[in-house]
Amino acid sequence: MKLYVCCHKEAPVAQSDILTPIHVGRVIATKDLGFMGDDTGDHISNKNKHFCELTAMYWIWKNVQEDIVGLCHYRRYFNFANDHIKINKIKPDFIEWSGNVKEKIVPLLEQYDMILPYKMGSTKNPESLYDCYQKAHVGADMDIALDVIKEKYPEQYETAIQVLHTCTQGYYANMLIAKKAAFNDYAKWLFDILFEVEKRIQADVETRNAYQQRVYGFLSERLMTVYIALHPELKIKEVPVVRSEEHTS
């Protein structure tokens, strides 16, 4: 089992025999963080500015053969031991405190296919995933993603529409832990859609500010919820995410 911790800058990071830091966008980075990157084998490290942590997801999909794989962030980790969702910083006892150990995770994946963060969404003024995306990002990108789904997976289109227009909570942060077969299936579907969207919008993406250029990472956060709805046979375990406030970017 390997759970990869995405890092794009120098920062405290939890490391163990299963928590492995990975330098995302390493091929275009100006500084070496001193650990492995997403730029070996079959990779899309050069796309990190637009795909965010998905460059690590792609790398895991194409290059890792562990039975169980996962993805989290240098300031966001799954919390298997308690309900805390914020801490001041990563302390030496963080791994045991948060339960990021084989003894906690392996038994869960004997019962479930995939571990995901608790769903998130506004509770004061609930908005659909679609409406939220329209307000926060370039709305036309989501419409194009739906067009791609309709063309490539026509049998999935109505479910995608229903999920995005009716669900007010979703699986954000592009975090997951899964059996490799389940991870691979999701990654294959996701990148098949995103690479086609990229062909259609990338010229415009290049003209946007740095935040909105992270479009494929934003789209995937919503598409994860669609994928889970499309696969009711998957057994999903939701757990809290603990966020370190030591760094906020």
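For the structure, see preceding data.
Notes on the structure in this doc start here.

The rules behind each value
Residues numbered from 1 in each chain as written. Predicted model: local features only at pLDDT ≥ 70, side-chain atom pairs only at ≥ 80, totals over all residues. Heavy atoms only, no water. Helix = DSSP H or I, 4+ residues; strand = E, 2+ residues; numbered from the N terminus. Rg over C-alpha atoms; globule rule 2.2 N^0.38 Å. Buried < 20%, exposed > 50% of the residue type's maximum accessible area, 1.4 Å probe, protein only. Contact = heavy atoms within 4.5 Å. Areas by Shrake-Rupley, 256 points an atom, 1.4 Å probe, with all protein chains shown as cover. Lys, Arg positive; Asp, Glu negative; His and termini not counted. Charge placed at Lys NZ, Arg CZ, Asp CG, Glu CD. Core = buried A, V, L, I, M, F, W, Y, C linked by side-chain atoms within 4.5 Å. Phe/Tyr/Trp six-rings, centres within 6.5 Å; stacked < 30°, edge-to-face > 60°. Polar contact = N/O pair within 3.5 Å; in protein donor to acceptor, adjacent residues only side chain to side chain. Axes fitted to C-alpha atoms, helices over the stretch in contact; angles between N-to-C directions. Parallel < 35°, antiparallel > 145°, perpendicular 65-115°, else oblique. Left-handed = near helix turned anticlockwise from the far one by under 90°. Nonpolar A, V, L, I, M, F, W, Y, C, P; charged D, E, K, R; others polar. Arc of directions from axis to C-beta.

### Regarding the overall build of the protein chain
Okay, so step 1: In terms of helices and strands, the protein chain carries nine helices and nine strands.
Okay, so step 2: Over its C-alpha trace the protein chain gives a radius of gyration of 17 Å, about what one expects of a compact globule, namely 18 Å for 249 residues.
Okay, so step 3: Principal axes of the C-alpha set define a box for the protein chain whose edges measure 45 × 40 × 40 Å.
Okay, so step 4: Looking at the protein chain as a whole, 53% of its 249 residues qualify as buried.
Okay, so step 5: Taking the contacts inside the protein chain whose residues are at least 6 apart along the sequence as the reference set, 70% of them involve residues at least 24 apart.
Okay, so step 6: Surface exposure of the protein chain reaches about 11600 Å², of which carbon and sulfur atoms provide 48%.
Okay, so step 7: If you average the places of the 30 positive and of the 34 negative side-chain charges in the protein chain, the two averages end up 3 Å apart.

### Looking at the nonpolar core
Okay, so step 1: In this structure, Met57, Leu176, Trp189, Phe191, Tyr216 and Leu219 are the most contacted members of the largest nonpolar core, which totals 58 residues.
Okay, so step 2: Counting residues per element, this core draws most heavily on helix H8 (residues 180-205), which supplies 12 residues.
Okay, so step 3: Among residues more than four places away in sequence, those in contact with Tyr216 are His50, Phe51, Leu54, Leu194, Val197, Glu198, Ile201, Gln202 and Val205.
Okay, so step 4: Among the nonpolar cores identified, the runner-up in size contains 31 residues, and Tyr77, Leu109, Ile177 and Val242 belong to it.

### A few points about the packing of aromatic side chains
Okay, so step 1: Enumeration over the complete set of coordinates arrives at 15 aromatic pairs.
Okay, so step 2: Arranged with centres 5.3 Å apart and planes meeting at 85 degrees, the rings of Tyr58 and Phe191 form a pair that is edge-to-face. Of this pair, Tyr58 sits in helix H2 (residues 54-63) while Phe191 sits in helix H8, and the two are 133 residues apart along the sequence.
Okay, so step 3: Feature note: the residues Phe51, Tyr58, Trp61, Phe191, Phe195 and Tyr216 constitute an aromatic cluster, connected by ring pairs.

### Remarks on the side chain of Glu221
Okay, so step 1: Within the secondary structure, Glu221 sits in helix H9 (residues 215-230).
Okay, so step 2: Looking at Glu221, its side chain comes within polar contact range of the main-chain nitrogen of Ala173, at 2.8 Å.
Okay, so step 3: Leaving out residues up to four positions away in the same chain, Glu221 has contacts with Tyr171, Tyr172, Ala173 and Asn174.

### Details of the packing of H2 against H8
Okay, so step 1: The N-to-C vectors of H2 and H8 enclose an angle of 125 degrees; their axes lie 10 Å apart at closest approach. Taken together, the axes of H2 and H8 lie oblique to each other. In this structure, H2 crosses over H8, and the sense of that crossing is left-handed. Contacts between H2 and H8 involve Leu54, Met57, Tyr58, Ile60 and Trp61 from the first element and Lys180, Phe183, Asn184, Tyr186, Ala187, Lys188, Leu190, Phe191, Leu194 and Phe195 from the second.
Okay, so step 2: Looking at the contact of H2 with H8 residue by residue, the class counts come to 12 nonpolar, one polar and two charged.

### Thoughts on the environment of Val205
Okay, so step 1: If you trace the backbone, Val205 turns up in helix H8.
Okay, so step 2: Residues Val205 and Asp141, spaced 64 residues apart in sequence, show a C-alpha to C-alpha distance of 9.7 Å.
Okay, so step 3: Those residues in contact with Val205, other than ones at most four positions away along the chain, are His50, Gln213, Val215 and Tyr216.

### Section: the packing of helix H6 (residues 139-152) against H8
Okay, so step 1: At a minimum axis separation of 9 Å, H6 and H8 run at an interaxial angle of 125 degrees. Classed by the angle they form, the pair H6 and H8 counts as oblique. In the packing of H6 onto H8, the handedness of the crossing is right-handed. Contact residues: Asp141, Ile144, Ala145, Asp147, Val148, Ile149, Glu151 and Lys152 in H6; Asp192, Ile193, Glu196, Val197, Arg200 and Ile201 in H8.
Okay, so step 2: Residue classes in the contact of H6 with H8 are distributed as seven nonpolar, no polar and seven charged.

### Some thoughts on helix H4 (residues 102-111)
Okay, so step 1: Among the residues of H4, those classed as buried are Ile105, Leu108 and Leu109. Down the axis, H4 shows its buried residues gathered within 95 degrees of arc, on one side only. Seen from the buried face of H4, the exposed residues on the opposite side, beyond 90 degrees, are Glu103 and Glu110.
Okay, so step 2: Elements that come into contact with the buried residues of H4 comprise strand S1 (2-7), strand S3 (68-73), strand S6 (114-117), strand S7 (176-179) and strand S8 (236-239).

### Some points on unusual backbone geometry
Okay, so step 1: In the Ramachandran plot, Cys52 falls in the positive-phi region, its phi being about 55 degrees despite a non-glycine side chain.
Okay, so step 2: Positive phi, close to 50 degrees, is recorded for Asn174, a residue that is not glycine.
Okay, so step 3: Relative to the helices and strands, Asn174 is located in the loop between helix H7 (157-166) and S7.

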